Amino acid sequence: MAGLRTENPTTTAEDRGVGPGKRVWVGGHNVEARREIETYLTETERPPTGPLDLGFIAPLTADEAVYFAGKLRHRIVSTGLLWVVYPIPLSPRADEFSGEIDDMVIGLFELGFTEIGRAQVSNNYTSTGFRPA
């Protein structure tokens, strides 16, 4: 059901679904967050078109996250995952993201995604995962 949000979703980095041969897209304007994501994506495929198993968005704003999620919605397979990576609120990188995380989550719900959990990426970044509903 789209719009489902768990009270305290948690997951581990291993649960992100990354692995050899996975079809992955990475985008967003937060360059530092993208660098962090890239360290986990060795041995993955990066198709420019077609279906995706995983999408990673590193936005600077909540609106940017929703924008890219909308662009990827038709490419993420039904068993795929979409991760939005953003600074941990009290980290030195916190000012790299503007807007409210809740606004981002609501925007993704409206696009037909369901929140599936959270996973810390590094000391400065965390992520919230979504699955197509």
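Calculation criteria
Residues numbered from 1 in each chain as written. Predicted model: local features only at pLDDT ≥ 70, side-chain atom pairs only at ≥ 80, totals over all residues. Heavy atoms only, no water. Core = buried A, V, L, I, M, F, W, Y, C linked by side-chain atoms within 4.5 Å. Buried < 20%, exposed > 50% of the residue type's maximum accessible area, 1.4 Å probe, protein only. Helix = DSSP H or I, 4+ residues; strand = E, 2+ residues; numbered from the N terminus. Contact = heavy atoms within 4.5 Å. Phe/Tyr/Trp six-rings, centres within 6.5 Å; stacked < 30°, edge-to-face > 60°. Lys NZ or Arg CZ within 6 Å of the ring centre and 35° of its normal. Pairing = 2+ DSSP bridges. Right-handed = clockwise from strand over helix to strand, strands pointing away.

## Quick notes on the nonpolar core
Here comes step 1: With 19 residues, the main nonpolar core has I57, L72, L82, V84, M104, L108 and F130 as its most contacted residues.
Here comes step 2: Of all elements in the fold, only strand 2 (52-57), helix 2 (62-72), strand 3 (76-87) and helix 3 (101-110) reach the threshold of two or more residues within this core.
Here comes step 3: Of all the elements, helix 2 adds the most residues to this core, at 5 residues.
Here comes step 4: Setting aside residues up to four positions removed in sequence, I57 forms contacts with W25, G27, A65, F68, A69, L72, L82, W83, V84 and V85.
Here comes step 5: Grouped together as the second largest cluster of nonpolar side chains are 14 residues, I37, L41, L54 and F56 included.

## Examining the packing of aromatic side chains
In this description, an aromatic ring pair is defined by two values, namely the gap between the centres and the angle between the planes.
Here comes step 1: All chains considered together, the criterion is met by 3 aromatic pairs.
Here comes step 2: Relative to F68, the ring of Y67 has its centre 5.4 Å away and its plane inclined at 70°; by these criteria the two rings are edge-to-face.
Here comes step 3: With 6.0 Å between their ring centres and 45° between their planes, Y86 and F97 make a pair best called tilted. Here Y86, found in strand 3, pairs with F97, found in the loop between strand 3 and helix 3; they are 11 residues apart in sequence, far enough to count as distant. Taken as a pair, Y86 and F97 share a single burial class, namely buried.
Here comes step 4: The aromatic ring of F113 is capped on one face by R73, whose charged end is 5.1 Å from the ring centroid.

## Focus: the pairing of strand 2
Here comes step 1: Counting buried residues in strand 2 gives 6 out of 6 residues, a clear majority hidden from the surface.
Here comes step 2: Here strand 1 (residues 24-27) runs beside strand 2; their pairing, made up of 4 bridges, is parallel. Each residue of the ladder has a partner; that of G27, found in strand 2, is I57.
Here comes step 3: Read as a crossover between parallel neighbours, the route from strand 1 over helix 1 (residues 31-38) to strand 2 is left-handed.

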